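Given next are the chains, with one letter for each unit.
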Amino acid sequence: MHRSSAGVIASILNKRFSYLFFTIILLFLVRPFLEHAITANIVTNIFFWLIIISCVWAVHEKRKYQWFSIVTASVAILMGVMDFFLQNVVTSWASQTTIVLFLGYAVSVILFYLFRQKTVSSDLIMAAASEYVLIGILWTFLFYILEEVYPGSFSFPGSKMNPAGFLYFSFVTLTTTGYGDVLPVSAQARSLAMLEMIMGQLFMAITVARLVGLYTASSSHAK
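Anyway, here's the lowdown on the structure attached to this text. Since this is a predicted model, take the numbers as computed values, not measurements.

1. A short note on the overall build of the protein chain
Part 1 of the reasoning: For the protein chain, the helix and strand inventory stands at 9 helices and 2 strands.
Part 2 of the reasoning: Mapped from its N terminus to its C terminus, the protein chain presents α and β elements in the order α-α-α-α-α-α-α-β-α-β-α.
Part 3 of the reasoning: With 223 residues in all, the protein chain has 41% of them scored as buried.
Part 4 of the reasoning: Within the protein chain, contacts between residues at least 6 apart in sequence are counted, and of these 73% link residues at least 24 apart.
Part 5 of the reasoning: In the structure as shown, the protein chain presents an accessible area of about 12300 Å², 69% of it carried by carbon and sulfur atoms.

Printed below as a string of structure tokens:
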């Protein structure tokens, strides 16, 4: 019984990046269909908070850094809730800054995890997929902060850009799709957009090469 319980726990721990990736996918699949029933911003924020919680679980590998991820994530969610109700400059800046700090930390931890592994596993592939999407979410908040500092940095049709609008623009930029409906118009916005495009392409190239190399090496050893 004890061995069985230990096996279940180990299985759950080994799939932490799968849970993170599933949570991120829910942001894209479920959120748009809830916006008509609930205020769009709170729906987007709730999904962002769920992703933050999943990130805490995914990057818990080293205990000495657990306190940092838990505290930063808790502050980010708390500031986000306060900003939703108070909607002032202080809470907005505190919310965006803490989220950027936490996501930057999570992206760094997962990146180091990817390059420490010696064999290809399903969760390693999920870690790579989660890392790519987290880069897009991180840039979402960087664009949001940039617009706060330099108003009018983006040309956005309709009303003022919101988190959902920046999320859309970030992934259009990350994947170099470039529909052209949202445009970076300031020098700062264009520079940040170019940096995201470069990071996205470099990450794809380097990660694919890394995974192929690990798979080839493991196949050679198996023979």
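2. Comments concerning the nonpolar core
Part 1 of the reasoning: Residues Leu20, Leu134 and Ile137 are the most contacted members of the largest nonpolar core, which totals 55 residues.
Part 2 of the reasoning: Taken together, the elements giving at least two residues each to this core come down to helix H2 (16-29), helix H4 (40-58), helix H5 (66-86), helix H6 (89-116), helix H7 (122-149), helix H8 (163-174) and helix H9 (187-222).
Part 3 of the reasoning: Top contributing element to this core by residue count: H7, with 15 residues.
Part 4 of the reasoning: Every residue in contact with Leu134, bar those within four places of it in the chain, is listed here: Leu20, Ile24, Ile51, Cys55, Leu103, Val107 and Ile110.

3. Points about the environment of Gly180
Part 1 of the reasoning: Here Gly180 shows up in the loop between H8 and strand S2 (183-184).
Part 2 of the reasoning: Its relative accessible area of 40% is what places Gly180 among the partly exposed residues.
Part 3 of the reasoning: Taking the C-alpha atoms as reference points, Gly180 and Phe156, 24 residues apart in sequence, are found 9.9 Å from one another.

4. Digging into the side chain of Asp123
Part 1 of the reasoning: Along the polypeptide, Asp123 turns up in helix H7.
Part 2 of the reasoning: Under the relative-accessibility criterion, Asp123 is labelled buried at 6%.

5. Quick word on the packing of aromatic side chains
Part 1 of the reasoning: Under the defined criterion, the tally for this structure stands at 12 aromatic pairs.
Part 2 of the reasoning: A centroid spacing of 5.5 Å and a plane angle of 85° characterise the contact between Phe154 and Phe166, whose relative ring orientation is edge-to-face. Of this pair, Phe154 sits in strand S1 (residues 154-155) while Phe166 sits in helix H8, and the two are 12 residues apart along the sequence. Each member of the pair Phe154 and Phe166 is classed as buried.
Part 3 of the reasoning: Seen in terms of ring centroids, Phe154 and Phe169 are 5.3 Å apart; in terms of plane orientation they differ by 70°. Their pairing is edge-to-face. Within this pair, whereas Phe154 is found in strand S1, its partner Phe169 is found in helix H8, the two being separated by 15 residues in sequence.
Part 4 of the reasoning: For Phe169, a relative accessible area of 4% corresponds to the buried category.
Part 5 of the reasoning: Ring pairing ties together the aromatic residues Phe143, Tyr144, Phe154, Phe166 and Phe169, which thus form one cluster.

6. Description of the packing of H7 against H8
Part 1 of the reasoning: As a packed pair, H7 and H8 sit with axes 8 Å apart at the nearest point and diverge in direction by 125°. Accordingly, the angle class assigned to the pair H7 and H8 is oblique. Two packed elements cross with a definite hand, and for H7 against H8 that hand is right-handed. The segment H7 lies against H8, with Tyr132, Val133, Ile135, Gly136, Ile137, Trp139, Thr140, Phe143, Tyr144 and Glu147 engaging Pro163, Phe166, Leu167, Phe169, Ser170, Phe171 and Leu174.
Part 2 of the reasoning: Of the residues that constitute the contact of H7 with H8, the class distribution is 13 nonpolar, 3 polar and 1 charged.

7. What to know about the side chain of Gln96
Part 1 of the reasoning: Position of Gln96 relative to the elements: it lies in helix H6.
Part 2 of the reasoning: Residue classification places Gln96 among the buried positions, given a relative accessible area of 8%.
Part 3 of the reasoning: Not counting the four nearest positions on each side in its chain, Gln96 is found in contact with Phe141, Tyr144 and Ile145.

8. A word on the environment of Phe143
Part 1 of the reasoning: Mapping Phe143 onto the fold places it in helix H7.
Part 2 of the reasoning: For Phe143, a relative accessible area of 0% gives the class buried.
Part 3 of the reasoning: Spatially, the C-alpha atom of Phe143 lies 9.6 Å from that of Pro184, the residues being 41 residues apart in sequence.
Part 4 of the reasoning: Apart from the residues within four sequence positions on either side, Phe143 is in contact with Phe154, Phe166, Phe169, Ser170, Ala189, Leu192, Ala193 and Glu196.

Rules used throughout
Residues numbered from 1 in each chain as written. Predicted model: local features only at pLDDT ≥ 70, side-chain atom pairs only at ≥ 80, totals over all residues. Heavy atoms only, no water. Helix = DSSP H or I, 4+ residues; strand = E, 2+ residues; numbered from the N terminus. Buried < 20%, exposed > 50% of the residue type's maximum accessible area, 1.4 Å probe, protein only. Contact = heavy atoms within 4.5 Å. Areas by Shrake-Rupley, 256 points an atom, 1.4 Å probe, with all protein chains shown as cover. Core = buried A, V, L, I, M, F, W, Y, C linked by side-chain atoms within 4.5 Å. Phe/Tyr/Trp six-rings, centres within 6.5 Å; stacked < 30°, edge-to-face > 60°. Axes fitted to C-alpha atoms, helices over the stretch in contact; angles between N-to-C directions. Parallel < 35°, antiparallel > 145°, perpendicular 65-115°, else oblique. Left-handed = near helix turned anticlockwise from the far one by under 90°. Nonpolar A, V, L, I, M, F, W, Y, C, P; charged D, E, K, R; others polar.

In short, the description is geometric, and any link to function would need to be established separately.
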